[in-house]
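Listed here are the chains, written in short residue letters.
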Amino acid sequence: MLEDTSFAILPENKQDTTGNHYLDIGNVLSIEKQQDMFQLTCTNGFVTLCFYTESILRIVMNPTSQPDLNLSNAVNVKPVDISFSEKDYEGALLLKTKKLEVKLEKKPLRITVKDENSRVLVEEQERGMAYQNNGEIRVWKQMEESDHFYGFGEKSGFLDKRGEKYEMWNTDVYAPHNPETDPLYESIPYFMTLRNGKAHGIFFDNTFRTFFDMKSETDRYSFSAEGGQLDYYVLAGADPKNVLEQYTYLTGRMPLPPKWAIGYHQSRYSYESEAEVRELAANFLERDIPVDVIHLDIHYMNGYRVFTFDRDRFPNPEKLIADLREMGIRVVPIVDPGVKQDSAYPIYQEGVQGDNFCKYIEGDIYFGDVWPGKSAFPDFTEEKVRKWWGEKHAFYTDMGIEGIWNDMNEPAVFNETKTMDTSVMHRNDGRPTTHKELHNVYGLLMGKATYEGMKDQLQGKRPFLLTRAGYSGVQRYAAVWTGDNRSFWEHLQMSLPMVMNLGLSGVAFTGPDVGGFAHDTNPELLVRWTQVGAFTPYFRNHSALNTTYQEPWQFGEKYEAIMKKYIQMRYEWMPQLYSLFFEASQSGLPVMRPLFMEYPDDERTYNLNDEVMIGDNVLLAPILSPGVTDRAVYLPEGEWMLWETGEFYEGNRSHLIHAELADMPLFVKKGTAIMQTNWISNQEKETKQRSMKVVAGNPGDVYSFTYYDDDGETYAYEKGDYLKWYIEIKSEKDAIHVTILDKEGNYLPPYKEVNIVLIGLKPSQNVILNGKMTEDTQQLKLNVL
Ligand code: MIG
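These notes cover the structure that comes with them. All of these numbers come straight from a predicted model, not from anything done at the bench.

**Observations concerning the nonpolar core**
Move 1: Counting residues in hydrophobic clusters, the biggest one holds 161 residues, and the most contacted among them are Trp389, Phe535 and Trp573.
Move 2: Sequence-distant contacts of Phe535, defined by excluding residues within four places in its chain, comprise Met569, Arg570, Trp573, Met592, Ile614, Leu620, Met664 and Leu666.
Move 3: One finds Val113, Val139, Met143 and Tyr221 within the second-largest nonpolar core, a separate group that totals 45 residues.

So this is what it looks like as C-alpha cells:
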C-alpha cells in the first residue's frame, strides 16, 4: 500500500543509472573459430557470435562459461550456410556478409554492426557488455538523435518508444493501464529502430525479467536481464518490412486463421446460462447484425473447474453449440491454467497422478489461489504435460468447439507478487530451472499445448486460440487481445499505438476489448470503438461483470444502426482482410500497421498515433474523442480518396475532415484496388459475390497486390486448394490496365467471377482487362476459371 504514498520516493530508493557498478566484459584474450561460430574468451567472460542469415547476427555473452546456444523457446531455426569474409584490421576483427559488416574491437571488446552500405546499426563505445555479481547482465548501445523505437510487444503509451523505459514480466494488470503502467501481460523483448528512414531490429532472447531503457541517457540505450545470458540478434533491415520478415523468420509467423475467427466476436464476463446465450444469438440474427463467435467466460464451468460445464446453467452444451452452429455462430470457452485442488475432480487427479503440476524443488506441488480457490498449475515447460493438456481438449472438440480462449496464463495468482513463486522449479524438458527464468514463457507454452492439442483433435480443421499472456513467438499459436482495458476514450486512443506496436512485434492478429472491459461504456464511445474495431485484426466486444451491457443494440436504434453498418462492413471487407491475413502468415507483416511502415522517409508519420493503415493502401483516421465531428488527417504522399464520398485529397499535408457519428474517415490510395464482397446473412457468410474496386490513378501509377482465398476452415490450401491472383493496376493517360499477372492454386470458390468496379474513370480513359480493351465499363468481370 505504501507504494501509493510519498514513501515510494524515499531518498534511499534512488537508483544508480550510471552503470558504474557493472563489470565490463573486458579485453578479448583469444578468438576461436568453430564451424561458422566465433568463440571469444574475454577477461571477464565468454562471447559467441554467429550469422543466422546474411542479415541476422546472433551475439551471446555468458559471464561464467561458454555460451549455450540451445536454450530458446522462441527461435526455431538454425543458422543457414552463408559465405562471409573475415580479416584483421588494426587489431580489430572484421566480418562481412552481403548484408552486414561486423567490427570487433578487442581492447576492450566493443562491437559495431553496419549494414552493407556502411550505415551504423549498433555501436558500442565507452560501454559494451557487462554484468553484476547478482547475475544481472546488460549491454549499452549508442543512440542517435534521429532514432525512433518501436515494437516491445504490448505496451501502453504512444507509438514511438524513444524516451521510455520498459520492463518485461508477464503481469495480470486489472487496473489501470495508464501510460506508465508497465509491465502488462505479454513479454516481447524485441524492438525496431528507425534511423534516418532506415530500420534495423534487435531481439533480446532472454526469458528472465528484462528491461529496455531508451530514457535514462541521452546518447545511449541499454537492455538488461535479471539473469541468464546476454543473448541477442541484430536484424539488418533496412526497410521496416525487412526487419519484420527477419524477426518472424526467427520467431515464426501466424498460421492462417479460420475465416470465422476474423469475424465479429461477442463476449461478456459472463453470459451465465444457456438461455442467455440463446437469446443473445437470436438477437444478432433478428437484427441482422453479423456475429461469428460467442465467448463463454468463467461462469460456464462447474465451480471454475476447467474442462467441465455447469450443468445447471448449461444443461445441454452439446445441443446449444450445435444449434448456434446452424445459426452461423461458434462458441469459444475460456480456459485458465489453474486446476482446482479437489481430490474428486478427474483433471486434478490425473494431474497429481501423472506428476503434471509445477512443484518446488523439494517435491511439493505449488498451490496458488485463483478463481476455483486453491489450485495447482500444469508445468507446460514439459512436453509430456503439454501433450496431456492438449489431449484434454477433446472435452471441448467433442462438443463441436473449435476455438479456445486462454486467460490468466501469466500465470496470474491472487497474492502480493501476482504470480507463482519464482523459486518453483520447472522440469523444462530435461533442463530443470526456476520460475524466475521461465515465468515469461509460461503463457507461450500453455498456448503451444492448447493450439497443438486442438489441432490434433480437430482433424483437419483450423483451430483458433486467443491468449492474454505470451512471449516472442506467441503468434505461432494464438491471437492476442490486450487485456483489461476500460471504457475510457483514452483507452480507445491508446489501443491504436498498442495494436500497431504488437503488429510490429510479430503479432499480427490482435485487438483490444471493443467498448472497453471495465467501467461503464456509453453509446458514443461504443460506436466510435466499433468503427475502429471493424478494422482491427482481432474484433471482439467484451465487458466486465457489473458494468453496463454493451451489445450493439443496448443503446437504442440510432446507435444500433451505425454499429450494424460497421460490423457488416467488416464482412464486406473480409476478402481484403483475409488476403492481408494470408500475407501476415507468409511474411509476418501486420494487417494493421503504422504509416511509417509504408512511408519510412516521411518524418510526420514517425509518431502518428491516431491514424493507421490496413495493408499498404487503406488509411483510417477514426474519431477518438467525445463530441468531435471534425479532425485533422495527415495523408502521406500521393492522392487519397475518402471512401464514403469519393472525394480526392492531396497527400503530404493535413486536411480537416468532417465525420458525423455515423462516419469514420477511411481513405483508399488513388491508383490502387481493394477486394470486397456483400453481406447476405449470418448463416451464409461465404457469399457468392466478389468485387474488385479499382480507384483509377494518375498516368504512371502502378500498383500490384495479391488476392488470396480458400475454403477458410481446413488445411486443404496446404495441398494446393487455394486461389491466388497477382494483380496489377496500371493507370495511363488514356487507359487503365487491370491485369492478372499470374494465377496459382486449384481452389474453386463459390463465386464464378469477380466484378470490377472502376472508380474515378475519366471519359477519355479505356479499360484494358488482361490486355483486351473492354467496351462496357459497367459490366467488367474476371472469370475465376
Ligand atoms: O478478471 O474471466 O482479462 O477478459 O473476462 C479476471 C474473467 C479474469 C480477466 C480477463 C477478462 C475476463 C476475466 N478475467
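**What about the packing of aromatic side chains?**
Move 1: For the structure shown, the criterion picks out 58 aromatic pairs.
Move 2: When the ring of Trp260 is compared with that of Phe464, the centres are 5.9 Å apart and the planes differ by 75°; the resulting orientation is edge-to-face. With Trp260 in the loop between helix H1 (240-251) and strand S21 (265-266) and Phe464 in strand S30 (residues 464-467), this residue pair connects regions lying 204 residues apart in the sequence. No difference in accessibility class separates Trp260 from Phe464, as the two residues are buried.
Move 3: Considering the side-chain rings of Phe357 and Trp388, the 6.3 Å spacing of their centres and the 85° angle between planes classify their relative orientation as edge-to-face. Taken together, the residues Phe357 in the loop between helix H4 (346-353) and strand S25 (367-370) and Trp388 in helix H5 (residues 383-392) connect sequence positions 31 residues apart.

**Let's talk about the site of the ligand**
Move 1: Not every one of the 13 residues close to the ligand is listed here, only the nearest: Asp297, Asp407, Arg468, Asp484 and His542.
Move 2: One nitrogen or oxygen atom from the side chain of Asp484 is found 2.5 Å from an oxygen atom belonging to the ligand.
Move 3: In the complex, 94% of the free accessible area of the ligand, which totals 340 Å², lies under the protein chains.
Move 4: For the shell around the ligand, the residue count by class is 8 nonpolar, 1 polar and 4 charged.

**Structural notes on helix H2 (residues 274-287)**
Move 1: Under the 1.5 Å per step criterion, the end-to-end length of H2 is 20 Å for 14 residues, consistent within 8% with the ideal 20 Å.
Move 2: For H2, the set of buried residues is Glu274, Val277, Leu280, Ala281, Asn283 and Phe284.
Move 3: Where H2 is buried, its residues contact S21, strand S22 (293-296) and helix H3 (317-326).

**Points about empty space enclosed by the protein**
Move 1: The tally for this structure, following the rule as stated, stands at 3 cavities of 30 Å³ or more.
Move 2: In this structure, the largest cavity encloses a volume near 120 Å³.
Move 3: Lining the largest cavity we find 16 residues, and of these Pro255, Pro257, Tyr451, Pro463 and Tyr477 sit closest to its centre.
Move 4: Tallied by class, residues from the lining of the largest cavity come to 15 nonpolar, no polar and 1 charged.

**Points about the pattern of salt bridges**
Move 1: As enumerated under the stated definition, the model contains 59 salt bridges in all.
Move 2: The closest approach of N and O atoms between Lys392 and Glu350, which form a salt bridge, is 3.1 Å. Linking Lys392 in helix H5 with Glu350 in helix H4, this pair joins segments that are 42 residues apart in sequence.
Move 3: With relative accessibility at 23%, the residue Lys392 sits in the partly exposed group.
Move 4: Assessed through its relative accessible area of 30%, Glu350 is described here as partly exposed.
Move 5: Several salt bridges converge on common partners, so that one network encompasses Asp172, Asp407, Glu410, Arg468 and Asp484.

**Here we look at unusual backbone geometry**
Move 1: A cis geometry characterises the amide bond from Lys107 onward to Pro108, with omega recorded as -5°.
Move 2: Here Pro108 shows up in the loop between strand S8 (100-106) and strand S9 (109-115).
Move 3: Of note, Phe307 is a non-glycine position whose phi angle comes to about 65°, a positive value.
Move 4: Looking at the element boundaries, Phe307 is found in the loop between S22 and H3.
Move 5: Although it is not a glycine, Asn770 adopts a positive phi angle of roughly 45°.
Move 6: When you line up the elements, Asn770 lands in the loop between strand S50 (766-769) and strand S51 (772-774).
Move 7: Owing to a relative accessible area of 38%, Asn770 belongs among the partly exposed residues under this scheme.

**Structural notes on the packing of helix H10 (residues 523-533) against helix H11 (residues 557-572)**
Move 1: Their axes nearest at 9 Å, the elements H10 and H11 cross at an angle of 10°. By the angle between their directions, the pair H10 and H11 is classed as roughly parallel. Within the contact between the two elements, H10 uses Pro523, Leu526, Val527, Thr530, Gln531 and Gly533 and H11 uses Tyr559, Ile562, Met563, Tyr566, Ile567 and Arg570.
Move 2: Residues that form the contact of H10 with H11 fall into these classes: 8 nonpolar, 3 polar and 1 charged.

**Regarding the sheet that holds strand S20 (residues 230-235)**
Move 1: Here we have 8 strands laid out as an open sheet, ordered S2-S3-S4-S5-S20-S17-S16-S13, and antiparallel in their pairing. In this open sheet, the two edge strands, each paired with only one partner strand, are strand S2 (28-34) and strand S13 (147-151). Pairs of neighbouring strands in the sheet enclose a mean axial angle of 20°, with direction left out of account.
Move 2: Its contacts with the sheet put helix H9 (residues 489-504) on S13 and strand S16 (190-195), and the angle it makes with S13 is roughly 85°.

About the thresholds
Throughout, residues of each chain are indexed from 1 in the direction in which the sequence is written. Reporting of local features is limited, given that this is a predicted model, to residues whose pLDDT is at least 70; pairs of side-chain atoms are given and counted only at 80 or more, and all residues count toward the totals for whole chains, interfaces and linings. Just so you know, side-chain values use all the structure's heavy atoms and leave hydrogens and water out. By convention a nonpolar core is built from buried Ala, Val, Leu, Ile, Met, Phe, Trp, Tyr and Cys residues, the set being connected through side-chain atoms within 4.5 Å. Only protein chains enter the area calculation, which uses a 1.4 Å probe; residues under 20% of their type maximum are buried, those over 50% are exposed, and those in between are partly exposed. The contact definition used throughout considers only heavy atoms, calling two residues in contact when any of these lie within 4.5 Å. Each Phe, Tyr or Trp ring (for Trp, its six-membered ring) is paired with any other whose centre lies within 6.5 Å, and the angle between the two planes then decides the class: stacked below 30 degrees, edge-to-face above 60, tilted in between. Under the DSSP-based scheme used, a helix requires at least four consecutive residues in state H or I and a strand at least two consecutive residues in state E, with every element numbered from the N terminus. Throughout, the term near means that a residue has one or more heavy atoms lying within 4 Å of the molecule or strand in question. Residues adjacent in sequence count toward polar contacts only when both atoms are side-chain atoms; beyond that, a polar contact is any pair of N or O atoms within 3.5 Å, and within protein one must be able to donate a hydrogen and the other to accept it. Only the protein chains shown count as cover for residues, with accessible areas throughout obtained via the Shrake-Rupley method and a probe of 1.4 Å. The nonpolar class holds Ala, Val, Leu, Ile, Met, Phe, Trp, Tyr, Cys and Pro. Asp, Glu, Lys and Arg form the charged class, and all remaining residues, Gly among them, are polar. Under the convention used throughout, the expected extent of a helix is 1.5 Å for every residue step, that is, one less than its residue count. Only protein atoms enter the 1 Å grid, on which a cavity is a set of points fitting a 1.4 Å probe that cannot get out and a pocket is an open set with protein on both sides within 12 Å along at least 5 of 7 lines, lining residues being those with an atom within 4 Å of a point. Grid points are joined across faces, edges and corners, and a volume is the space filled by probe spheres set on the points. We count a salt bridge whenever a side-chain nitrogen from Lys or Arg sits within 4 Å of a carboxyl oxygen from Asp or Glu. Throughout, an axis means a line fitted to C-alpha atoms (over the contacting stretch in the case of helices), and angles, computed between N-to-C directions, take values from 0 to 180 degrees. Angles are sorted into four bins: roughly parallel if under 35 degrees, roughly antiparallel if over 145, roughly perpendicular if 65 to 115, and oblique for all others. Strand pairing is defined by DSSP finding a minimum of two bridges between the two strands.

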